[in-house]
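# A look at the structure
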Amino acid sequence: MSSAASPVIAVLSQGCAANFGDGEKIARALSAQHPDCSISFEFPTEQPLAFYLNVCTVKGNGTALKLLQQAITTFPQAPVFITGCAPKDFQEEARKISDKITFTSLKALESLDSIAPKGLQNDMRILRQSPFVGIVNIEEGCLDACAFCSTKLVKGRLQSQPEDAIVDQVRRLVDDGCLEIQLSGQDCACYGFDTGTNLANLTQKILAQVPGNYKIRLGMGNPRHILGYKDALLECFQDERLYQFLHVPVQSGSERVLQLMNRKHSVKDFRNFALELQEKFPLFTLSTDLIVGFPGETDADFQETLDLLKETRPTVCNITRFVARKGTVAARIEEANAADTPAVLDSVKHERSAKLFDAFQQIAQENNQRWVGKACTVVSEKQGHRAGTTIARNCAYRPVALQGNIPAGKALQVRITKAEPFALIGERL
């Protein structure tokens, strides 16, 4: 998007798809307010007019602070604006690095100019990071109060976008060349609970009203919300335009730890849903999250988590060692270090996460092995980490590594020849 002939504004996002979606909205607002400037979604090689750092602090402040340090060290004269998930403790740390930063928000930036962003006009390409991927944020906030989470401190309570507006945005993105639509938010599973609808209804409406050659990837959703419309949601996956992929974070296999975390689902809820999902769709990509070392977690609690992992066999699993976020209930629990909820030693957290990772790696390898020998259609996405390779996605959103530098957005017929824990290896037919 950038051009050497015009000043550049750098919009750099981190974290989840929802945050990248907000980053694209920020870019569109800035493009409308500064029509003589170009927008860059990559770290600039020359001094930009300004940095807009759309940060993520869900797993701690380190990555966001590193990006801030890089910006002010590389181009100390460039103004720095910070948006995204920036709770109070992050703001305090950021101001220790520089007192010349400005904290703002997407809402504040969009309210500066009432002119519709250039990227949304019908005769122009919608400004976004990828020409083939459209991110649609369907909601903001959540209906939960998980003890470990700092996101709600920033995003607040659930606010769903209107169904018709979402359908219209998806239609425009598909018309603009998007092959993949990511429906994103802090908790997509509770979408519409404040407006009288739900994620299944929204998905069905998009599929019915937006024709075209595209696939939808549903965003993260907490288990308890899905149960109320489970059958309707599973029916949606019969449509080939929906990736057979779902991110459903369970966080622990111990009922006792889930209660300490203030999670509102049970282990049984997750187990039953995962097993039903995989029975109906054997090659489905189930993604989940697990936290080890939450205050009070015992060896027995951890063993229950390990057992749940082995029973439900997710193909993607984000394993995190607990770190207390300032201002959260979990931070107060850890600080109290009570007899029934003692802080878990770092050495124990590392040991447990290593055991989980080893078990998960074996499961992921076995899940991916089921694809070997199968022919499938994939869409190229980006250059691979290995030189001379391209990463594509199949119908279950599994990454498929192919030889050659293939342009993004190209549909290919491939055969899977080999499986690794975190990717499939394919050859073109």
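Structure: see above.
## Describing the packing of helix H12 (residues 299-312) against helix H14 (residues 346-369)
- Where H12 meets H14, the axes come as close as 10 Å, and the angle between the chain directions of the two elements is 10°. Relative to H14, H12 is oriented roughly parallel. Our pair here, H12 against H14, has a crossing hand that is right-handed. When H12 is examined against H14, the residues Asp299, Phe302, Thr305, Leu306, Leu309 and Lys310 are found in contact with a partner set consisting of Arg352, Lys355, Leu356, Ala359, Phe360 and Ile363.
- Tallied by class, the residues present in the contact of H12 with H14 amount to seven nonpolar, one polar and four charged.

## Remarks on the environment of isoleucine 135
- Relative to the helices and strands, isoleucine 135 is located in strand S6 (residues 133-137).
- A C-alpha to C-alpha distance of 19 Å links isoleucine 135 and valine 248, two positions 113 residues apart in sequence.
- In contact with isoleucine 135, not counting residues within four places along its chain, are Ala17, Phe20, Gly21, Glu24, Gln169, Gln182 and Ser184.

## Quick word on the environment of valine 379
- Mapped onto the elements of the fold, valine 379 is located in strand S14 (residues 375-383).
- Take valine 379: its relative accessible area is 26%, and that puts it in the partly exposed class.
- Apart from residues no more than four positions distant in its own chain, valine 379 is found in contact with Leu179, Ala392, Arg393, Gly409, Lys410 and Ala411.

## Examining the side chain of lysine 349
- Considering the arrangement of structural elements, one finds lysine 349 in helix H14.
- Exposure remark for lysine 349: the relative accessible area of 6% places this residue in the buried category.
- Every residue in contact with lysine 349, bar those within four places of it in the chain, is listed here: Val292, Gly293, Arg321, Phe322, Glu334 and Val344.

## Details of the pattern of salt bridges
- Summed over all chains, the structure comprises 23 salt bridges.
- In this structure, arginine 352 engages glutamate 297 in a salt bridge whose closest nitrogen and oxygen atoms are separated by 2.8 Å. Here glutamate 297 lies in the loop between strand S12 (285-292) and H12 and arginine 352 lies in helix H14, a separation of 55 residues in the sequence.
- Linking glutamate 334 and lysine 349 is a salt bridge whose minimum nitrogen-to-oxygen distance equals 3.9 Å. Note that glutamate 334 is positioned in helix H13 (residues 329-336) and lysine 349 in helix H14, a separation of 15 residues in sequence.
- With a relative accessible area of 22%, glutamate 334 lands in the partly exposed category.
- Each of Glu163, Asp164 and Lys205 takes part in salt bridges that share partners, so that together they form one network.

## So, helix H2 (residues 62-74)
- Here H2 contains 13 residues, and its C-alpha end-to-end distance of 18 Å stays within 8% of the 18 Å for a straight helix at 1.5 Å per residue.
- Contacts from the buried residues of H2 go to strand S1 (8-13), strand S3 (50-55), strand S4 (80-84), helix H3 (88-97) and strand S5 (101-103).

## As for the environment of arginine 241
- Tracing the sequence through the fold places arginine 241 in the loop between helix H9 (230-236) and strand S11 (245-247).
- Owing to a relative accessible area of 18%, arginine 241 belongs among the buried residues under this scheme.
- Not counting chain neighbours up to four residues away, the residues in contact with arginine 241 comprise Leu207, Val210, Pro211, Gly212, Tyr214, Lys215 and Ile216.
- Polar contacts involving the side chain of arginine 241 include one to the side chain of tyrosine 214, which spans 3.5 Å.

## Quick look at the side chain of aspartate 22
- With respect to the helices, strands and loops of the structure, aspartate 22 is situated in helix H1 (residues 17-33).
- Apart from the residues lying within four places of it in its own chain, the contact partners of aspartate 22 are Asn54, Leu106, Asn137, Glu140 and Lys155.

## Description of the packing of aromatic side chains
- Evaluated as defined, the whole model comprises 14 aromatic pairs.
- Each ring, one from tyrosine 243 and one from tyrosine 397, has its centre 4.9 Å from the other, and the planes form 70°; the classification is edge-to-face. Of this pair, tyrosine 243 sits in the loop between H9 and S11 while tyrosine 397 sits in the loop between strand S15 (389-393) and strand S16 (399-403), and the two are 154 residues apart along the sequence. Assigned by exposure class, tyrosine 243 and tyrosine 397 land together as buried.
- When the centroid spacing of 5.2 Å and the interplanar angle of 65° are considered together, the rings of phenylalanine 294 and phenylalanine 322 count as edge-to-face. Remark: phenylalanine 322 occurs in the loop between strand S13 (316-321) and H13 and phenylalanine 294 occurs in the loop between S12 and H12; sequence separation between them is 28 residues.
- Residue phenylalanine 294 is classed as buried on the basis of its relative accessible area, which comes to 0%.
- Among the residues examined, phenylalanine 322 registers a relative accessible area of 4% and is labelled buried.
- Joined through ring pairs, the aromatic side chains of Phe43, Phe51 and Phe75 make up one cluster.
- Seen from the ring of tyrosine 243, lysine 215 lies directly overhead, with NZ or CZ sitting 5.8 Å from the centre.

## Digging into the nonpolar core
- Ranked by size, the top nonpolar core spans 64 residues in total, and within it Ile181, Leu183 and Ile206 carry the most contacts.
- In this structure leucine 183 touches Val136, Ile138, Val170, Cys188, Leu202, Ile206, Ile216, Arg217, Leu218 and Gly219, once residues within four positions along its chain are discounted.
- Counting residues in each nonpolar core, the second largest holds 19 residues, with Leu12, Val55, Ala64 and Phe90 among its members.

## Some remarks on the sheet that holds S3
- Strand order across the open sheet formed by five strands is S2-S1-S3-S4-S5, with parallel pairing between neighbours. Only two strands of the sheet have a single partner each, and these edge strands are strand S2 (38-40) and S5. Here the strands of the sheet are splayed against their neighbours by 25° on average, with no regard to which way each runs.
- Note: S1 against S2, three bridges, orientation parallel. When the sheet's bridge partners are listed, valine 8 is paired in S2 with serine 38.
- Each of S1, S3, S4 and S5 is contacted by H2, which is oriented at about 175° to S3, the strand it contacts most.

Calculation criteria
Residues numbered from 1 in each chain as written. Predicted model: local features only at pLDDT ≥ 70, side-chain atom pairs only at ≥ 80, totals over all residues. Heavy atoms only, no water. Axes fitted to C-alpha atoms, helices over the stretch in contact; angles between N-to-C directions. Helix = DSSP H or I, 4+ residues; strand = E, 2+ residues; numbered from the N terminus. Parallel < 35°, antiparallel > 145°, perpendicular 65-115°, else oblique. Left-handed = near helix turned anticlockwise from the far one by under 90°. Contact = heavy atoms within 4.5 Å. Nonpolar A, V, L, I, M, F, W, Y, C, P; charged D, E, K, R; others polar. Buried < 20%, exposed > 50% of the residue type's maximum accessible area, 1.4 Å probe, protein only. Salt bridge = Lys/Arg side-chain N within 4 Å of Asp/Glu carboxyl O. Expected span 1.5 Å × (residues − 1). Polar contact = N/O pair within 3.5 Å; in protein donor to acceptor, adjacent residues only side chain to side chain. Phe/Tyr/Trp six-rings, centres within 6.5 Å; stacked < 30°, edge-to-face > 60°. Lys NZ or Arg CZ within 6 Å of the ring centre and 35° of its normal. Core = buried A, V, L, I, M, F, W, Y, C linked by side-chain atoms within 4.5 Å. Pairing = 2+ DSSP bridges.

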